[in-house]
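Residues per chain are reported as follows:
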Amino acid sequence: MATGTHPAERYIDEYNTAYHDVYGQSPKVYYIGNQWYQVNGEMIHHTMMVSEISRLKDLAFIQKRHARQQSVLSRLIQKLRSM
């Protein structure tokens, strides 16, 4: 018998990472079975889970880009103030 992880564990790990990147905290995610997950007390189907992972990754990317832009702007303002 081959050992390995259940495919749902991969999606749970991806969701946990993406959620943490956006909100800075860990969600409560459980695989219920038959392509259903419980996320923070709400039942969602696998297709919605995949969509939510994608949405969270996009949001995390936007937040990081915004933070970098703010950092550049802050450095520019600081440089102007020191002149």
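The preceding data block contains the structure.
If you check the backbone angles, Q35 has positive phi at about 70° while not being a glycine. Mapped onto the elements, Q35 comes out in the loop between strand 1 (29-33) and strand 2 (36-39). A relative accessible area of 42% places Q35 in the partly exposed class. One non-glycine residue, N40, lies in the positive phi region at around 50°. Tracing the sequence through the fold places N40 in the loop between strand 2 and strand 3 (42-45).

A few words now on the nonpolar core. With 15 residues, the main nonpolar core has Y15, V29, Y37, V39, M49 and L56 as its most contacted residues. Secondary structure elements with two or more residues in this core: helix 1 (7-23), strand 2 and helix 2 (46-81). Non-local contacts of M49, meaning those with residues more than four positions away in its chain, are made with Y11, I12, Y15, V29, Y37, V39 and I44.

Reading the values: the criteria
Residues numbered from 1 in each chain as written. Predicted model: local features only at pLDDT ≥ 70, side-chain atom pairs only at ≥ 80, totals over all residues. Heavy atoms only, no water. Helix = DSSP H or I, 4+ residues; strand = E, 2+ residues; numbered from the N terminus. Buried < 20%, exposed > 50% of the residue type's maximum accessible area, 1.4 Å probe, protein only. Core = buried A, V, L, I, M, F, W, Y, C linked by side-chain atoms within 4.5 Å. Contact = heavy atoms within 4.5 Å.

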